[in-house]
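# Descriptive structure summary
Residue-level listing of the chains:
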Amino acid sequence: MARYGMALDYKNCINCKACESACKEENGILLGADSHRIWVGVRGIEGVFPNLSIGSSSYQPSQCQQCDNAPCQSVCPTNATYYDDNGVVRVNPDQCILCTYCMQACPYDARYIDDRTMTVDKCNFCSDTRMIQGETTTACQATCPTKVRIFGDLDDPQSEISKVLRDREYYKLKEHLGTQPKLFYLT
Amino acid sequence: MNLNKILPYNKHTLKSFFSFEFTALNIFMFLLTIGLVTAMFYGIGVYLVHGHHAYGVTRQHAWGLLIAMYVFFVVSSTGLCIMSSLGHVFNIKAFKIIGKRAIIGAIIAILTGFAVIAFEIGHPVRMVIYNVLTPGLTSAIWWMGTLYGLYLFFIILEFFFLNNSSHKYSRIFGLAGLVVGLAAHSNLGAVFGFLVSRPIANGPFFPLYFILSAMVTGSYLLFLIYGWRYKMKFPPEVEKFMITLAQVLGLLLAILIFFEIWRMLTAVYGQMPERADIAIHIITSKHFLIGELLLGMLIPFVIIIFSKGRAIKTLVYASITGMVGIFWMRYDLVHDTQLAPMMPLKIHEYTSAPGFVEYIPSAVEWMISIGAIGLAFMMYYAADKFFNLDHTKEDSH
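Predicted, not measured: the structure shown is a model, and the values here were computed from it.

Reading guide: rules and limits
Residues numbered from 1 in each chain as written. Chains lettered and ligands numbered in written order. Predicted model: local features only at pLDDT ≥ 70, side-chain atom pairs only at ≥ 80, totals over all residues. Helix = DSSP H or I, 4+ residues; strand = E, 2+ residues; numbered from the N terminus. Buried ≥ 20, exposed ≤ 12 C-beta atoms within 10 Å, placed from the backbone. Contact = placed C-beta atoms within 7 Å. Rg over C-alpha atoms; globule rule 2.2 N^0.38 Å. Nonpolar A, V, L, I, M, F, W, Y, C, P; charged D, E, K, R; others polar. Axes fitted to C-alpha atoms, helices over the stretch in contact; angles between N-to-C directions. Parallel < 35°, antiparallel > 145°, perpendicular 65-115°, else oblique. Left-handed = near helix turned anticlockwise from the far one by under 90°. Pairing = 2+ DSSP bridges. Expected span 1.5 Å × (residues − 1). Bend = angle between axes of the 7 residues up to and from the residue. pLDDT = per-residue confidence, 0-100.

This paragraph deals with the overall build of chain B. Counting its regular elements, chain B contains 14 helices and zero strands. For chain B, the succession of helices and strands along the chain, N to C, is α-α-α-α-α-α-α-α-α-α-α-α-α-α. Taken over the C-alpha atoms alone, chain B extends approximately 70 × 50 × 45 Å along its principal axes. By the burial criterion, 48% of the 397 residues in chain B qualify as buried. Of the contacts made within chain B by residues no fewer than 6 positions apart, 78% connect residues no fewer than 24 positions apart.

Now the structure itself:
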């Protein structure tokens, strides 16, 4: 039993998109713009010349926030979306009826339709590909050349993520919605 | 066992079933129905081959025209049920004559709604199975679907007892159908109202508005149904009913306009992102101004006000614009809810400017959803042939 989360040292991101590729490769995600579990957002330079804010320009990797109070889970009419023992929000494709209510409810646009199973899919921290084989890293984390991602057990005080969250400031996305996300953006 | 004793129905040969008076209007409706149903089946055929790729829906706009038309049909059903209950359950005398016709309309509308949603839900059979095996009790869709199933069961029983004049039982099931229908329908509003991620939809407005707009829809449909039934030559008791209906509709429209004004004012006030900007987009769009406001509310409202509800023939025609307006209300409800892109930190990806999510229904979506109106016409024609839907002397007393 664990409570998995991920910290993102996003200012180290160089937008190489290796994480996107690794995720597609590891989890067998189909090609196409709509089929993505994770992405790298690009914030441009803000302001009007000559008052340009160079500091505002950054790359911001993101994905499913693995909310503790996931709106996608509570709206699922057949409980196809569920929390596994490690607190990861997952989808059982056998139960998904493709009503896409979860896609409406997710405030993070983290869900997409898998055209092979014709069900809604999402990031599950590589639970069914890597974690099940005893790996301790996700594909996106393992491949990241600048070590942006720190994945681990939030309940284990000795885990790297717990230490980082103790030492560094961070923010979470759309926290005001009460979703209790488990992705932490280190500042 | 003689079925006719349990549920009285008219016997027909194939020839008598398909025979109708050859008036211009009848022939037009016949051709329209055939055209619409053909379009629907063609659309279904394309959908069965290509799945959701035949639709214009995307990751960011996952609900499209079919959801809007599903809402359109189930709102119509609940509306007819509520309006018929005014006479049947609440004993308002003028409304007592509409029981059978309104309830068969409600049954037909909800069946058509189910037919449309069956081609939007990716796995309708799986839905029936896991709705029972692993119910998601925190899901408004689960409650809405389950309660609508129960509602259909009750109103079928209500129709059954209305038809063999068992007034005691028809009243019991009428009340049950009304209560469950209200619960189901407000849950449909809650499907949108519960979306914390969508500030424009989130809140108590939609569950309340759905019931109110259902009553408006039910009134428009009753005008159309009775206008068609009597071809504008109304017997006195029907005329009395329609004048009362017009006055009730006037009140309902006034409340609806009042609701909309305050919805938009509260949405715009304070400039809250994803709420004020969308509200401004709505109230400046042609869908809203011409579709919802002018056709759906103002034209019938002005006619009622200036004629004091007596221009019932004009109101039959105004109900056509009213129903077009109701369609746009449903379409906008679904579309506007999804306007704001849910793209945290993705807003500048690929340097595209952040804007509203766009959606254009595909031809297949139009065929299935608008074609379904033909399916409803066909079912109504059959019901009108098989059952005696007119009121009896007993009903009006």
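With that out of the way, let us pick up the overall build of chain A. If you tally the helices and strands in chain A, you get five helices and twelve strands. Here chain A has a C-alpha radius of gyration of 17 Å; the compact-globule value for 187 residues is 16 Å, and the two agree. Based on the C-alpha atoms only, the size of chain A along its principal axes is roughly 55 × 40 × 35 Å. Across the 187 residues that make up chain A, the buried fraction comes to 44%. Contacts spanning at least 24 positions in sequence make up 58% of the contacts within chain A whose residues lie at least 6 apart.

Let us now look at the interface of chain B and chain A. At the junction of the two partners, chain B supplies 33 residues and chain A supplies 33 residues. When its residues are assigned to classes, the side of chain B that touches chain A shows 15 nonpolar, 14 polar and four charged.

Our focus in this paragraph is the environment of Ala-139 of chain A. Residue and element names in this part refer to chain A. Looking at the secondary structure, you find Ala-139 in helix H4 (residues 139–143). Taking the number of C-beta atoms within 10 Å as the measure of exposure, Ala-139 has 23 and is therefore buried. Sequence spacing of Ala-139 and Glu-20 is 119 residues, and the spatial spacing of their C-alpha atoms is 9.2 Å.

Here we come to the packing of helix H4 (residues 65–88) of chain B against helix H13 (residues 312–337) of chain B. Residues and elements named next belong to chain B. Here H4 crosses H13 at 130°, and the two axes come no closer than 8 Å. It follows from the interaxial angle that H4 and H13 lie oblique. With respect to the hand of their crossing, H4 and H13 are arranged in right-handed fashion. Here Leu-65, Ile-67, Ala-68, Val-71, Phe-72 and Val-75 of H4 come into contact with H13, specifically with Ile-326, Phe-327, Arg-330, Tyr-331, Leu-333 and Val-334. Looking at the contact of H4 with H13 residue by residue, the classes come out as eleven nonpolar, no polar and one charged.

Our next topic: the sheet that holds strand S11 (residues 170–171) of chain A. All names here are of chain A. One open sheet accounts for four strands, arranged S10-S1-S12-S11; its pairing is mixed. Sheet topology places strand S10 (149–153) and S11 at the edges, where each strand pairs with a single neighbour. Where strand S1 (residues 4–8) lies against strand S12 (residues 183–186), three bridges are found, and the strand directions are parallel. In the sheet register, Leu-8 faces S12, and the bridge partner there is Tyr-185. Helix-sheet contacts for helix H5 (residues 160–167) involve S1, S10, S11 and S12, and the interaxial angle to S10 is about 115°.

This part takes up the environment of Asp-128 of chain A. Structurally, Asp-128 of chain A can be placed in the loop between strand S9 (119–121) and H4. Each C-alpha atom of the pair Asp-128 of chain A and Asn-27 of chain A lies 8.5 Å from the other, and the pair is 101 residues apart in sequence.

Here H13 of chain B contains 26 residues, and its C-alpha end-to-end distance of 36 Å stays within 8% of the 38 Å for a straight helix at 1.5 Å per residue. The sharpest bend along H13 of chain B comes to roughly 30°, located at Ala-318 of chain B.

What follows is about the confidence of the model for chain B. When the pLDDT values of chain B are averaged, the result is 92; 95% of them are 70 or greater. Quick note on the complex model: pTM equals 0.94, ipTM equals 0.91.

All right, on to unusual backbone geometry then. Residue and element names in this part refer to chain A. In this structure, the amide linkage connecting Phe-49 to the following residue, Pro-50, adopts the cis form with an omega of 5°. For Pro-50, the position within the fold is in the loop between strand S3 (46–48) and strand S4 (51–53). Here Asn-15, not a glycine, exhibits a phi torsion of approximately 55°, which is positive. Within the element layout of this structure, Asn-15 appears in the loop between S1 and helix H1 (18–27). With 12 C-beta atoms packed within 10 Å, Asn-15 lands in the exposed category. In this structure, Gln-180 takes a positive phi of about 50° despite not being glycine. Looking at where Gln-180 falls in the secondary structure, it is placed in the loop between S11 and S12. Residue Gln-180 is classed as partly exposed on the basis of its C-beta count, with 13 C-beta atoms lying within 10 Å.

Residues and elements named next belong to chain B. With respect to the element layout, Met-215 can be found in helix H9 (residues 205–230). Judged by local crowding, Met-215 falls into the buried class, with 22 C-beta atoms found within 10 Å. Along the backbone, Met-215 and Leu-80 are 135 residues apart, and their C-alpha atoms lie at a distance of 7.3 Å.

Further remarks concern helix H5 (residues 99–117) of chain B. If you check H5 of chain B, its first and last C-alpha atoms are 27 Å apart, about what 19 residues at 1.5 Å a residue would give, namely 27 Å. Taking burial as the measure, the 19 residues of H5 of chain B include 16 buried ones, the bulk of the element.

All names here are of chain A. Of all five residues in S1, five are buried; the element is thus mostly enclosed. Both faces of S1 are covered, namely the face carrying Tyr-4, Met-6 and Leu-8 and the face carrying Gly-5 and Ala-7. Here S1 pairs with S10 via five bridges, running antiparallel. What sits directly across from Tyr-4, in S10, is Asp-153.

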